[in-house]
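Each chain is listed here by its residues.
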Amino acid sequence: QSVLTQPPSVSAAPGQKVTISCSGSSSNIGENSVSWYQQLPGTAPKLLIYDSDKRPSGIPDRFSGSKSGTSATLGITGLQTGDEADYYCGTWDSSLRAGRVFGGGTKLTVL
Amino acid sequence: QVQLQESGPGLVKPSGTLSLTCAVSGGSISSSNWWSWVRQPPGKGLEWIAEIFHSGSTNYNPSLKSRVNISVDKSKNQFSLNLRSVTAADTAVYYCARGDTMTMIAYWGQGTLVTVSS
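Participant: Is there a simple way to explain the overall build of chain B in this structure?
Facilitator: Check the secondary structure of chain B and you find zero helices and 11 strands. N-terminal to C-terminal, the α/β element order of chain B is β-β-β-β-β-β-β-β-β-β-β. Expected size for 118 residues packed as a compact globule is a radius of gyration near 13 Å; at 13 Å, chain B falls within 12% of this value. If one aligns the C-alpha atoms of chain B with their principal axes, the spans along those axes are about 40 × 25 × 25 Å. Here chain B holds 118 residues, and 47% of them are scored as buried. Within chain B, contacts between residues separated by at least 24 positions form 51% of all contacts whose residues are at least 6 apart in sequence. Approximately 5200 Å² of chain B is accessible, and the part contributed by carbon and sulfur atoms is 48%. Within chain B, the 6 negative side-chain charges are centred at a point lying 7 Å from the centre of the 9 positive side-chain charges.

Participant: Just to check I follow, could you spell out the pairing of strand S8 (residues 99–102) of chain A for this structure?
Facilitator: One face of the sheet, then the other: side chains in a regular strand alternate in exactly this way. All names here are of chain A. By the bridge criterion, four bridges tie strand S7 (residues 85–93) to S8 in an arrangement that is antiparallel. Counterpart to Asp 93 in the pairing with S8 is Gly 99. Counting the residues in the hairpin turn of S7 and S8 gives five residues.

Participant: Is there a simple way to explain the sheet that holds strand S2 (residues 18–23) of chain A in this structure?
Facilitator: The pairing of strands in a sheet happens through backbone hydrogen bonds and is either parallel or antiparallel. All names here are of chain A. Taken in spatial order, the three strands line up as S2-S6-S5 in an open sheet, and their pairing is antiparallel. Since the sheet does not close on itself, it has two edges, and those belong to S2 and strand S5 (63–68), each with one partner. Across the sheet, the mean angle from the axis of one strand to that of its neighbour is 20°, orientation sign disregarded. The sheet contact formed by S2 and strand S6 (residues 71–76) spans six bridges and is antiparallel. If you follow Ser 23 over to S6, its bridge partner there is Ser 71.

Participant: Quick question: what am I supposed to make of the sheet that holds strand S8 (residues 78–83) of chain B here?
Facilitator: Residue and element names in this part refer to chain B. Across the sheet, which stays open at both edges, the four strands sit in the order S1-S3-S8-S7 with antiparallel pairing between neighbours. A single partner strand is all that each edge strand has here, and the edge strands are strand S1 (3–7) and strand S7 (68–73). Neighbour to neighbour, the strand axes of the sheet diverge by 20° on average, direction disregarded. Note: S1 against strand S3 (residues 18–25), five bridges, orientation antiparallel. Bridge pairing in S3 links Gln 5 to Ala 23.

Participant: Sorry if this is basic, but what is going on with the interface of chain A and chain B here?
Facilitator: Reports of interface size often rely on the accessible area that becomes lost once the parts have come together. If you look at the interface, chain A gives 22 residues, while chain B gives 23 residues. Across the interface of chain A and chain B, roughly 1700 Å² is buried in total on both sides, 59% from carbon and sulfur atoms. Here Glu 51 of chain B and Arg 100 of chain A are joined by a salt bridge, their closest N and O atoms 2.5 Å apart. Every element with two or more residues in the side of chain A that touches chain B is listed here: strand S3 (35–39), S7 and S8 of chain A. Broken down by element, the side of chain A that touches chain B gets its largest block of residues, four residues, from S7 of chain A. In the side of chain A that touches chain B, the residues fall into 10 nonpolar, nine polar and three charged.

What counts, and at which threshold
Residues numbered from 1 in each chain as written. Chains lettered and ligands numbered in written order. Predicted model: local features only at pLDDT ≥ 70, side-chain atom pairs only at ≥ 80, totals over all residues. Heavy atoms only, no water. Helix = DSSP H or I, 4+ residues; strand = E, 2+ residues; numbered from the N terminus. Rg over C-alpha atoms; globule rule 2.2 N^0.38 Å. Buried < 20%, exposed > 50% of the residue type's maximum accessible area, 1.4 Å probe, protein only. Contact = heavy atoms within 4.5 Å. Areas by Shrake-Rupley, 256 points an atom, 1.4 Å probe, with all protein chains shown as cover. Lys, Arg positive; Asp, Glu negative; His and termini not counted. Charge placed at Lys NZ, Arg CZ, Asp CG, Glu CD. Pairing = 2+ DSSP bridges. Axes fitted to C-alpha atoms, helices over the stretch in contact; angles between N-to-C directions. Buried area = accessible area lost by both parts, 1.4 Å probe. Salt bridge = Lys/Arg side-chain N within 4 Å of Asp/Glu carboxyl O. Nonpolar A, V, L, I, M, F, W, Y, C, P; charged D, E, K, R; others polar.

The analysis is restricted to geometry; functional conclusions fall outside its scope.
Below, the structure written as structure tokens:
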């Protein structure tokens, strides 16, 4: 059972927009920023979003992030077949279970 | 560009110790970053294991802390993971990574599959 909760799967057609939610608590998302990672099949995770809404160099502006309270959201516009991947949110948990925590991952299917 | 490369046995016997090393290139392990280990069981999600700062400060996943040791070798620009008393549940792809902040992992190794089996 992951500390952060994500939907197992989402899907949308090419060119459309999709959002992926990440729900946490006051000890993690509530007091820390959120990162998002993209994991293409058979590869290592790749940083997509950091500090809840910032994109590293080289990440297209089709990818966006936001945070409100104890939840965060990843948005992807102009979906491409190459976006099919697993997406994970992550942050730091300051409770007794302190440490880096991740969501269970969301499989994005571009129909 | 920072690169990380995991190395170690791909097969470990039950009750044995899993030992992995991560070689860091393109940057110094003495930089102000946390050097982490993250694992991913086949078909499952990511699980953070532990991390170390070049000073030797460490953070551990509470659920694994009793079995894990992480260390750094500044002379070789690498860090290592030992996981004791392994079972089949420890079978996973193990990634080494660089944490640029407490909430962000900017660089990941390619990962190495470790299978626990007799």
